[in-house]
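Residue-level structure breakdown
The residues making up each chain are set out below.
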Amino acid sequence: MKELIRFELGKLLHRPLVFASLAGLAIYTAYMLCLWVFPINTIVREEIDGEMKTYKGMAAVRRNQEIISLYEGPFTTEKMQNIIENYSFSAAAMEKNNMNPDTQIRYTHNYLYDLIKGFFLNPDGTYTGETVEDVYGELAPELILGYSEGWSCMLATLPDVFPVWACVLAVILSPVFSEEYSRHTDALVLTGSQGRTKCPTAKITAAYIISLGGSLVILTIFLLCLFFCYGFTGLDSSIQLSKFMSLQYYTLYLGQAFALVLLLLFSGIIVYTALILLISALSRNSYASMIISATVLLAPLSIPMDSSINKLLYIVCALLPIHQLKIINLFYLPHPLPIALSDVQIMLLSLPVTLAAILIGIPCAKRTFSRHQVR
């Protein structure tokens, strides 16, 4: 069986189109890491004795960590006012550095100041007078402040990379069954002693090794970049006090958000892999299989995910692979919900969806190929 799996892995991976797709994915992932995760463009500006000091790159990250360490813990109005008082620029310093004092909130200060300025400051940087309770309502007592910069960058970037990885999977996995038909090797496979039993199992196993293995590689790359640039601190901070989901309307911490993101990403990949296998088993050539698989993945994006559609249909659409991989729709479900479930409970519905894909999609693909009539 191991030899069969290795043979199927070789057949799927050793193709020029696959190499080109993987190279494109690698370039795109590197670009997204440089654009959003690596602190290349991170800047901290701080006024010291009337002079403006600027930190860039890793120095800016370290300065952000130092500033946030002074305010970690429950987020209160007093802390918020102290942050504004300590890190706002004076009009004199801004004019000296060719900045417009009337638009202070448009300029970068530090990560913490920039998180709160849109909620508590006027355009010129003056305090609006609103309290934490006024802005966050009943969530205010549960808000925890921590260093969330790295996690925010990573969680915001993964939904851009995984849909591209899914498109690459369509290229890699579409020929798994259909290529046997187009090359007329189905007669050789299906008339062999293990052609209708072990061979389909080896193909399915090889497909999931590629899809899940590749997903783990992508995730590992992101986690390594996160660790070396920012460290792993901040998982206990509230998602409202981060760049990832600052407008979220229910209590959630970054550690919980990360667990849900992992659930949605891997659920989407597992379900989509099962769909590709079934489509490949039904298609008569690998090109048709690839086109249909890509269409099944991307077509739901044409459905308007807003208040113009039925809320129950919204939730059903949100559980399709592309929306699980893009994550955002499941974090911003419509309210009030049409069924008696919370937002997180609806996200957990991806578990039975995944189970259904494994228990129904995979056996159907295997059975379809095994019962193919050799001509």
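Notes on the structure in this doc start here. In this text, all values refer to a predicted model and were calculated from it rather than measured experimentally.

1. Focus: the overall build of the protein
Along the backbone of the protein there are 18 helices and 4 strands. Within the protein, the fraction of its 375 residues that count as buried is 50%. A separation threshold of at least 6 residues defines the contact pool for the protein, and within that pool the share at least 24 residues apart is 70%. Looking at the protein as shown, the accessible area adds up to about 17300 Å², and 64% of this sits on carbon and sulfur atoms. Taking the 25 positively charged and 27 negatively charged side chains of the protein as two groups, their mean positions are separated by 21 Å.

2. Examining the pairing of strand β1 (residues 43–48)
By the bridge criterion, 6 bridges tie β1 to strand β2 (residues 51–56) in an arrangement that is antiparallel. Counted as the bridge partner of E46 is K53 from β2. Linking β1 back to β2 in an antiparallel pair, the connection comprises 2 residues, with D49 at a positive phi of about 55°.

3. Observations regarding the packing of helix α12 (residues 254–282) against helix α13 (residues 286–298)
In contact at an axis separation of 9 Å, α12 and α13 are set at 145° when each is read in the N-to-C sense. As α12 runs across α13, the sense of the crossing is right-handed. Residues Y272, L275, I276, I279 and S280 of α12 pack against S289, I292, S293, A294, V296 and L297 of α13. Class assignment for the residues of the contact of α12 with α13 results in 8 nonpolar, 3 polar and no charged.

4. Considering a negative patch on the surface
Taken together, E78, E130, E133 and D134 make up a surface patch of like negative charges. Of note, D134 is situated in helix α7 (residues 132–136).

5. Here we look at the pattern of salt bridges
All told, the structure shown has 6 salt bridges when counted by the stated rule. We note a salt bridge from R63 to E46, for which the minimum N-O separation is 2.6 Å. With R63 in helix α3 (residues 58–69) and E46 in strand β1, this pair connects stretches of sequence that are 17 residues apart. Each member of the pair, R63 as well as E46, carries the same accessibility label: buried. A salt bridge links R63 to E66; the shortest N-O distance between them is 2.9 Å.

6. Some words on a nonpolar patch on the surface
Judged by side-chain polarity, L312, L313, V316, I339 and L341 come together as a nonpolar surface patch covering roughly 380 Å² of accessible area. Note that L313 resides in helix α14 (residues 311–318).

7. Points about the environment of T42
Looking at the secondary structure, you find T42 in the loop between α2 (16–37) and β1. Expressed as a C-alpha distance, the spacing of T42 and M58, which sit 16 residues apart in the sequence, is 7.8 Å. Not counting residues within four places of it along the chain, the set of residues in contact with T42 comprises Y55, K56, G57, A60, V61, N64 and E149.

8. So, the packing of aromatic side chains
Inspection of the entire model under this criterion finds 11 aromatic pairs. On the basis of an interplanar angle of 75° and a centroid distance of 5.8 Å, the ring pair of F244 and F331 is categorised as edge-to-face. Of this pair, F244 sits in the loop between α11 (198–229) and α12 while F331 sits in helix α16 (residues 328–331), and the two are 87 residues apart along the sequence. By relative accessible area, which is 9% here, F244 ends up buried. Classification of F331 by relative accessible area gives buried; the value is 0%.

9. Points about the nonpolar core
Core analysis: the biggest nonpolar cluster contains 103 residues, and F75, Y136, W165 and F331 have the highest contact counts within it. With 16 residues, α12 is the largest single contributor of residues to this core. Contacts of W165, omitting those with residues within four sequence positions, involve L22, L25, I172, I210, S211, G214, S215, I218 and I269. Counting residues in hydrophobic clusters, the runner-up holds 5 residues, among them M52, F89, A93 and M99.

10. A short note on unusual backbone geometry
Of note in the backbone geometry, N98 takes a positive phi value of approximately 60° without being a glycine. Checked against the element boundaries, N98 lands in the loop between α5 (91–96) and α6 (111–120). With a phi close to 70°, I327 is a non-glycine residue in the positive phi region. Relative to the helices and strands, I327 is located in the loop between α15 (321–326) and α16. A relative accessible area of 0% places I327 in the buried class.

11. What about the environment of E138?
You can see E138 is positioned in the loop between α7 and β4 (144–145). The spacing of E138 and S174 is 36 residues in sequence and 50 Å in space, taken between C-alpha atoms.

12. Remarks on α13
Between its first and last C-alpha, α13 extends 18 Å over 13 residues, near the 18 Å set by a 1.5 Å rise per residue. Those residues of α13 that fall on the buried side of the exposure criterion are S286, S289, M290, S293 and L297. Looking down the long axis of α13, one finds its buried residues gathered within 100° of arc, a one-sided arrangement. α13 presents Y287 and I291 as exposed residues on the side facing more than 90 degrees away from its buried surface. By the N-cap criterion, in which a side-chain oxygen at the helix start approaches the backbone nitrogen of a residue two or three places on, α13 is capped by N285, the distance to Y287 being 3.1 Å.

About the thresholds
- Sequence order as written defines residue numbering, which begins from 1 separately in each chain.
- Where local features are concerned, this predicted model is filtered to residues with pLDDT of at least 70; where side-chain atom pairs are given and counted, the filter is 80 or more; whole-chain, interface and lining totals use all residues.
- Only hydrogens and water are removed before side-chain values are computed, so all heavy atoms of the structure are retained for them.
- Per the convention used, a helix needs a DSSP run of H or I reaching at least four residues, while a strand needs a run of E reaching at least two, with both numbered from the N terminus.
- Only protein chains enter the calculation, and the probe is 1.4 Å; a residue is then buried if its accessible area is under 20% of its type maximum, exposed if over 50%, and partly exposed in between.
- Every residue pair with non-hydrogen atoms within 4.5 Å of one another is taken to be in contact.
- Note on areas: these come from Shrake-Rupley sampling with a 1.4 Å probe, and a residue is covered only by the protein chains present in the view.
- Only four residue types enter the charge count: Lys and Arg as positive, Asp and Glu as negative, with His and the chain ends excluded.
- In plain terms, the charge of a residue is placed at NZ if it is Lys, CZ if Arg, CG if Asp and CD if Glu.
- Note: two strands are recorded as paired if DSSP finds a minimum of 2 bridges between them.
- Angular values range over 0 to 180 degrees, each being the angle between N-to-C directions of two axes fitted as lines to C-alpha atoms, with helices fitted over their stretch in contact.
- Here a crossing is called left-handed whenever its near helix is offset anticlockwise from the far helix by less than a right angle, and right-handed whenever the offset is clockwise.
- Amino acids outside the nonpolar list (Ala, Val, Leu, Ile, Met, Phe, Trp, Tyr, Cys, Pro) and the charged list (Asp, Glu, Lys, Arg) are all regarded as polar, and Gly is one of them.
- Patch rule: a residue counts if its relative accessible area is over 30% and it has no salt bridge; like charges are joined within 9 Å, and nonpolar side chains (Val, Leu, Ile, Met, Phe, Trp, Tyr) within 5 Å.
- Should a side-chain nitrogen of Lys or Arg be within 4 Å of a carboxyl oxygen of Asp or Glu, the pair is scored as a salt bridge.
- Two rings belonging to Phe, Tyr or Trp (six-membered ring only in the last case) form a pair when the distance between their centres is within 6.5 Å. Interplanar angles under 30 degrees mark stacking, angles over 60 mark edge-to-face geometry, and anything in between is tilted.
- We call a set of buried Ala, Val, Leu, Ile, Met, Phe, Trp, Tyr and Cys residues a nonpolar core when their side-chain atoms join them within 4.5 Å.
- Expected helix span is computed as 1.5 Å times (number of residues minus one).
- This arc is built from the directions going out from the helix axis to the C-beta atoms.
- In protein, a polar contact requires one atom able to donate a hydrogen and another able to accept it; more generally it is a pair of N or O atoms within 3.5 Å, and residues adjacent in sequence count only if both atoms are side-chain atoms.

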